[in-house]
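Architecture and fold: a report
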Amino acid sequence: FQVNSLMGAYGNLVVVLCLDRYVAMHRPLYYRNNFAKRRIRYSMIAGSIVIGLLSCVHWLWVNTINEDGDIVENTMITDDWLYNVVRALSYLLKYLVPGVAMATITWANI
């Protein structure tokens, strides 16, 4: 859970950095008045961490630890269609959306 959450937060943090550079280059007065404040920067960092945590919440109720200390998926939950929908949405939120947003903002910067 922790590794996947941090990876999701990292992906969203890269998007925040691309957005920061986009606003700095294309709207410098708006950037200086709004984005240069610490409160906004900390809010964007906290937002990326929260999105990373939310995209990995499904791991908390699926995995169990057996007697040997190994982490095992609960097959009763993983066979459910609702779990598969939540898992697909979390992967989209964690990988596809930040990747497309980063590519789009980077292309606009170029």
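Criteria and thresholds
- Residues numbered from 1 in each chain as written.
- Predicted model: local features only at pLDDT ≥ 70, side-chain atom pairs only at ≥ 80, totals over all residues.
- Heavy atoms only, no water.
- pLDDT = per-residue confidence, 0-100.
- Helix = DSSP H or I, 4+ residues; strand = E, 2+ residues; numbered from the N terminus.
- Patch = residues over 30% accessible without salt bridge, like charges linked within 9 Å, V, L, I, M, F, W, Y side chains within 5 Å.
- Areas by Shrake-Rupley, 256 points an atom, 1.4 Å probe, with all protein chains shown as cover.
- Salt bridge = Lys/Arg side-chain N within 4 Å of Asp/Glu carboxyl O.
- Buried < 20%, exposed > 50% of the residue type's maximum accessible area, 1.4 Å probe, protein only.
- UniProt positions renumbered as here; feature names shortened; annotations may be inferred.
- Phe/Tyr/Trp six-rings, centres within 6.5 Å; stacked < 30°, edge-to-face > 60°.
- Lys NZ or Arg CZ within 6 Å of the ring centre and 35° of its normal.
- Expected span 1.5 Å × (residues − 1).
- Contact = heavy atoms within 4.5 Å.
- Core = buried A, V, L, I, M, F, W, Y, C linked by side-chain atoms within 4.5 Å.
- Polar contact = N/O pair within 3.5 Å; in protein donor to acceptor, adjacent residues only side chain to side chain.

Moving on, we get to the confidence of the model for the protein chain. Looking at the protein chain as a whole, the pLDDT averages 83, with 98% of positions reaching at least 70. Within the protein chain, the element-level pLDDT minimum falls on helix H5 (residues 75-78), averaging 70, and the maximum on helix H3 (residues 38-54), averaging 89.

Let us look at a nonpolar patch on the surface. A contiguous nonpolar surface patch, about 940 Å² in accessible area, is contributed by Phe-1, Tyr-42, Ile-45, Ile-49, Val-50, Leu-53, Leu-54, Val-57, Leu-60 and Trp-61. Taken together, the elements giving at least two residues each to the nonpolar patch come down to H3 and helix H4 (58-62). A per-element tally of the nonpolar patch places H3 first, with six residues. A relative accessible area of 53% means that Leu-60 is categorised as exposed.

Turning next to the UniProt feature "transmembrane region" (unreviewed entry) in the protein chain. The positions UniProt marks with the feature "transmembrane region" (unreviewed entry) are residues 44-61 and 81-108. The span residues 44-61 is 83% helical and 0% strand by assignment, and the distance between its end C-alpha atoms comes to 28 Å. Strand forms 0% of residues 81-108 and helix 100%; the C-alpha atoms that close the span are 39 Å apart.

Turning our eyes to something else, we now look at the packing of aromatic side chains. One pass over the full model with this rule turns up one aromatic pair. Centre to centre, the rings of Tyr-91 and Tyr-95 are 6.1 Å apart; their planes meet at 20°, and the pair counts as stacked. With Tyr-91 and Tyr-95 both in helix H6 (residues 81-109) and four residues apart, the pair spans about one turn of that helix. Looking at Arg-27, its charged tip hangs above the ring of Tyr-30, at a distance of 4.8 Å from the centre.

Moving on: helix H1 (residues 2-26). Across its 25 residues, H1 extends 36 Å between first and last C-alpha, which sits within 8% of the 36 Å expected from 1.5 Å per residue. Buried within H1 are the following residues: Ser-5, Gly-8, Ala-9, Gly-11, Asn-12, Val-14, Val-15, Val-16, Cys-18, Asp-20, Val-23 and Ala-24. Structurally, H1 contributes buried residues whose contacts are with helix H2 (28-35), H3 and H6.

With six residues, the main nonpolar core is built from Val-16, Val-23, Ala-24, Tyr-31, Phe-35 and Met-44. Looking at this core, the element that brings in the most residues is H1, giving three residues. Sequence-distant contacts of Met-44, that is, excluding residues within four places in its chain, are made with Val-16 and Phe-35.

Further remarks concern the side chain of Ser-48. Within the secondary structure layout, Ser-48 lies in helix H3. Only 2.7 Å separates the side chain of Ser-48 from the backbone oxygen of Ile-45, close enough to count as a polar contact. Setting aside residues up to four positions removed in sequence, Ser-48 forms contacts with Ala-9, Asn-12 and Leu-13.

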